[in-house]
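Below are the chains, spelled out letter by letter.
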Amino acid sequence: MMYRIVSQCSDDGTEIFVYIKNGKNIPLNSMYSPAKEAERFLKKITDTEQHLVIIIGFGNGMLLQKLLHSDMYEKAAHFIFIEPFSEVEISEKNRELIQNHEKISFYYVDEFTSIVFANYLSRFISLPVSIHIHPNYTKVDSTILKDCLKRINEGINTRKILNNTEMKFAIDWIVEPLLNLQYVNRSVNIKDLKDVFQGEKAVLIASGPSLKRNMEIIKKLETSVYTFAVGSALRALLTHEISPDFVLSIDSSDRNYRTHFQDLQYNGTLIFETMSNSNIQKEHGGNLVACRSLGDNVSSLFFPDLYAFPFSAPSVAIFALQVIAYLGFSEVYLVGQDLALIDGKYYAEGIKEHEGMQSLHVETWVENNRGERVGTTQSLKIFLESFEKLIETLPNIKVYNLSELGARIKGAEFLPPNLIGDLPLRRNIQVDYEKNLNKNFDNWKIIELINQFRILMEETKKASRFVKRLNKIGGITSKEMSKVLKMFKKISQNQLLENILLSNLTFAFNRIVNKFQYFENKNVYTGDDLLFLTKELDNFYTLVIKYVDDIINDQRIISLLNKE
C-alpha cells in the first residue's frame, strides 16, 4: 500500500502534516505543540559549531522558525533541510524565510542529487558535517530515510571523484587552453552560430553499449537529421561508413586524443571547448568551431568574446546537448547514451578502450527504460544526474532516448527506434567557416602571461619562507601574525591566483578560506592557535608554488615558446 500525506490542525491551531500507511497515522510534527517540540529538539543538539548541518525532514516549518532565533543558527556554518515527501508543501512564510537567510537551504529529496551535495562539500570543505532527523520522521518507513542518507553518501563519493579530477587535470586545464589559442584564433566562435539550425532535427551519438545495434537507424536518419558524435564514438562510426556532420571534444587528456582521435581521417566539423586536448585540433583536417570551457579563465584573457555554455559539462554528451540546443534544433534523438553498464560494458563494441575503462564494476543502480534495475558506475550516475538537470533548463527542444536497456533519463522520452517513421529531408544549411583561416596568433602574449606566473611564484615563495620560519621557531606574536595575514591578502588578491589557478583547484582554495573564516572566535588567541593557521598557510603556499612551477616548466609550454 502506498502512503498518503494529509494536513491536520494540532492542538495549538497550527497546520501539520500526517503520514498515513497501512492504517497507521504518524504526525510529522507534534499534535500538541509543534513549537515546543522544535525547542526541545534544538536543545538536544549541542555540537554544531562551525558545522555543515543537515536536517532530514521539514514538517510544517516550525523547526526552521525556531532555529532562526537560536544560538545554533549563529554558530553553525550552514543548514540544509531535506524533505523526503514531495506532498509536504512549503508555506509562503517559510519559503520567504529560506530565501531571506543565506545560511538556510531547502531541497525535496528528489532535488538533492549527489552533485548538489558535492557542491556543498566543496564550499564547506574542512568543516564537520552533522546529520539530524526531524522529530517523528524516524517513525515513518525506514526506506524513505535510507534514501536520504544514500544521497548524502553518494554526494561524498562524488566530491571525492571531482577532487581527484581537479588534482589530476589541474595542469592540463591551464596548459591546453594556452596551446589551443592558435586554433581558437582560426575557429568560428560558436556564438556566431546561435539558432542557425532553427527547427531542424539532430541525432546525438554517444558511445554506450547500445550504439552498435543502432548503426542502421543512424544511417536511415542521415538525410533527415544532422548528426553530432562525441569523440569516443567517432572511430566506430567511421568503421561503419558513417561520417557525422559534427564531432565534439572537451577532454584535455592526451589519452583521449590517442584513444579516440589519433590516425582517424575525419574532415567534418569539430566543435571543441578550449580545454580539449590541443592535438585533436592540431590534427583535424576540417572546420573548427570553438567555445570556452566554463572553468577556463585563461582563454578569456585573449578572447573575451568567446562563448561559454552556462552548464558545466562533466561529460562530452552533456556538452553536445547544450550545443545542439544552442544551434536551434527543435528535436534530438539520443543514441548510445546508456549511462549504465549493459552486460558489464561501458562502451559499445568497436569502441577503442583505454586502460581506465577496463575492469569496471557496478557501484550503484538506476532504472532503465523497461522499468528494470540496471547497474552503473558512480561516474555514470553523476553524468545521468547532470544530463537530467540540463534537460530541465532546455524547454525549447524535445529529447528522445532510443536506448531501451540504458538508464532512464528524466525529461527524455523513450522512443523505440523501430517506431521512428520516415522524416522529411533536412534543409541544406551553409555555414561560413572561412573568415578566420588566415589569422596568426602571437606567442608574445603567452610569454607575458608566463612572466606574470613567475612573479606570483616569487611572491608566494617569499610568504612561504616567512611562515616556515615562524613554524620552525614554534612561536608567533600578534604583530607577526598581522604580517602573515597582510602577505596572504596580497597573494590571494592576485588575479592569476584567484581567476585561473584556484578556479581549477576549488577545494584547495575553499579549504584555506574556511580555516580562516570559521576559525574559533576567541577574545584572545594563543600562540598555538596562530601557529595552526600558519601551518595551513604553509601547506597552501606549497601547493601554489608547485602548481605554478609545473605550469611554467611544462614541456608543452617550453616547446610552444621556443617556436620561431
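Position numbers for residues count from 1 along each chain, tracking the sequence in the order it is written. Confidence filtering applies because this is a predicted model: local features only for residues at pLDDT of at least 70, side-chain atom pairs given and counted only at 80 or more, and all residues used for totals across whole chains, interfaces and linings. With hydrogens and water excluded, all non-hydrogen atoms of the structure serve as input to the side-chain values.

Caption draft 1: Quick look at a positive patch on the surface. A surface patch of positive charge is lined by K462, R465, R469 and K483. With three residues, the top contributor of residues to the positive patch is helix α15 (residues 444-473). One can find K462 in helix α15. Accessibility here uses a 1.4 Å probe with only protein chains present; expressed as a share of the type maximum, an area under 20% marks a residue as buried, one over 50% as exposed, and anything in between as partly exposed. The exposure class assigned to K462 is exposed, which follows from its relative accessible area of 54%. Two distance rules govern patches: like charges are joined within 9 Å, and nonpolar side chains (Val, Leu, Ile, Met, Phe, Trp, Tyr) within 5 Å, applied only to residues with over 30% relative accessible area and no salt bridge. Under the convention used here, a 1.4 Å probe and the Shrake-Rupley method define accessible areas, while residue burial counts only the protein chains that appear. Salt bridge, as applied in this entry: a Lys or Arg side-chain nitrogen positioned within 4 Å of an Asp or Glu carboxyl oxygen. Positive charges come from Lys and Arg alone, negative charges from Asp and Glu alone, with His and the N- and C-terminal ends not counted. We put the charge of a Lys on NZ, of an Arg on CZ, of an Asp on CG and of a Glu on CD. Put simply, DSSP marks the helices as runs of H or I at least four residues long and the strands as runs of E at least two long, and each gets a number from the N terminus on.

Caption draft 2: Here's a closer look at the layout of surface pockets. Only protein atoms enter the calculation, which uses a 1 Å grid: trapped sets of points that fit a 1.4 Å probe without letting it out are cavities, open sets showing protein on both sides within 12 Å along at least five of seven lines are pockets, and any residue with an atom within 4 Å of a point is a lining residue. Grid points are joined across faces, edges and corners, and a volume is the space filled by probe spheres set on the points. Of the volumes computed, that of the second largest pocket is approximately 330 Å³. Lining the second largest pocket are 20 residues; nearest its centre among them are K194, Q322, A325, Y326 and L394. A class-by-class count of the residues in the lining of the second largest pocket yields eleven nonpolar, seven polar and two charged. Three classes are used, and their members are as follows: Ala, Val, Leu, Ile, Met, Phe, Trp, Tyr, Cys and Pro are nonpolar, Asp, Glu, Lys and Arg are charged, and the others, Gly among them, are polar.

Caption draft 3: Structural detail: the sheet that holds strand β1 (residues 4-9). The three strands are arranged β1-β2-β3 in an open sheet whose pairing can be described as antiparallel. Of all strands in the sheet, those bounded by a partner on one side alone are β1 and β3 (24-27). The sheet shows a mean angle of 35 degrees between the axes of neighbouring strands, direction not considered. At least two bridges found by DSSP between two strands is the condition for calling them paired. Pairing geometry for β1 and strand β2 (residues 15-21), over six bridges, is antiparallel. From the neighbouring strand, C9 faces β2, where its bridge partner is E15. Here the axes come from fitting lines to C-alpha atoms, over the contacting stretch only for helices, and the angles between their N-to-C directions go from 0 to 180 degrees.

Caption draft 4: Region of interest: the environment of E37. With respect to the helices and strands, the residue E37 is situated in helix α1 (residues 34-44). For E37, a relative accessible area of 8% corresponds to the buried category. Measuring from C-alpha to C-alpha, the distance between E37 and L221 comes to 62 Å, with 184 residues separating the pair along the chain. Working rule for contacts: check all heavy atoms of both residues, and any pair within 4.5 Å makes them a contact. Each residue touching E37, except ones within four places of it in the same chain, is listed here: N29, S30, H134, P135 and N136. For this analysis, a polar contact is any N or O atom pair within 3.5 Å, provided that within protein one partner can donate a hydrogen and the other can accept it, and provided that sequence-adjacent residues contribute only side-chain to side-chain pairs. In terms of polar contacts, E37 uses its side chain to reach the backbone amide nitrogen of S30, at 3.0 Å.

Caption draft 5: Region of interest: a nonpolar patch on the surface. On the surface, V129, I131 and L149 cluster together into a nonpolar patch covering about 220 Å² of accessible area. Take L149: it is sitting in helix α6 (residues 142-169). Among the residues examined, L149 registers a relative accessible area of 38% and is labelled partly exposed.

Caption draft 6: Examining the packing of α15 against helix α16 (residues 478-492) more closely. Two elements in contact, α15 and α16, have axes whose closest approach is 10 Å; the angle formed by their N-to-C orientations is 160 degrees. As far as their axial angle goes, α16 and α15 are roughly antiparallel. The handedness of the crossing between α15 and α16 comes out as left-handed. Residues L456, E459, T460, K462, A463, F466, V467 and L470 of α15 lie in contact with α16, whose contacting residues are E480, K483, V484, M487, K490 and I491. Partitioned by chemical class, the residues of the contact of α15 with α16 number eight nonpolar, one polar and five charged. Any angle from 65 to 115 degrees is called roughly perpendicular, while one under 35 is roughly parallel, one over 145 is roughly antiparallel, and all others are oblique. Each crossing gets its hand from how the near helix is turned against the far one by less than a right angle, where anticlockwise is left-handed and clockwise is right-handed.

Caption draft 7: Fine view of the sheet that holds strand β4 (residues 52-56). Ordered in space as β6-β5-β4-β7, the four strands form an open sheet in which the pairing is parallel. With partners counted over all chains shown, the strands left at the sheet margins are β6 (104-108) and β7 (129-133), one partner each. Between one strand and the next, the sheet's axes are offset by a mean angle of 20 degrees, whatever the strand orientation. Two strands pair when backbone bridges link them, and β4 and strand β5 (residues 78-83) are joined in this way by five bridges, in the parallel orientation. Directly across from V53, in β5, lies its bridge partner F79. Its contacts with the sheet put α6 on β4, β5 and β7, and the angle it makes with β4 is roughly 155 degrees.

Caption draft 8: Representation of the nonpolar core within the structure. Throughout, nonpolar core names a set of buried Ala, Val, Leu, Ile, Met, Phe, Trp, Tyr and Cys residues whose side chains join them through atoms within 4.5 Å. Counting 134 residues, the largest nonpolar core has L178, F228 and L501 as the members making the most contacts within it. Among the elements that take part in this core, helix α19 (residues 527-552) stands out by supplying twelve residues, more than any other. If sequence neighbours within four positions are ignored, F228 has contacts with A202, V203, L204, I205, F246, L248, I271, V323, I324, L327 and F329. Core analysis: the second largest hydrophobic core is formed by 23 residues, A35, L42, V53 and I90 among them.

Caption draft 9: Examining unusual backbone geometry more closely. Located in the positive-phi region is D195, a residue other than glycine, with phi close to 60 degrees. Located in the positive-phi region is D263, a residue other than glycine, with phi close to 70 degrees.

Caption draft 10: Molecular detail of the pattern of salt bridges. One pass over the structure, following the stated rule, counts 22 salt bridges. Between K398 and E413 there is a salt bridge, and its shortest N-O distance comes to 3.1 Å. Of the two residues, K398 is situated in strand β17 (residues 398-401) and E413 in strand β18 (residues 413-414); the sequence distance between them amounts to 15 residues. For K398, a relative accessible area of 36% gives the class partly exposed. Residue class for E413 comes out partly exposed when judged on its relative accessible area of 40%. Through salt bridges with shared partners, one network takes in D172, E176, D554 and R556.

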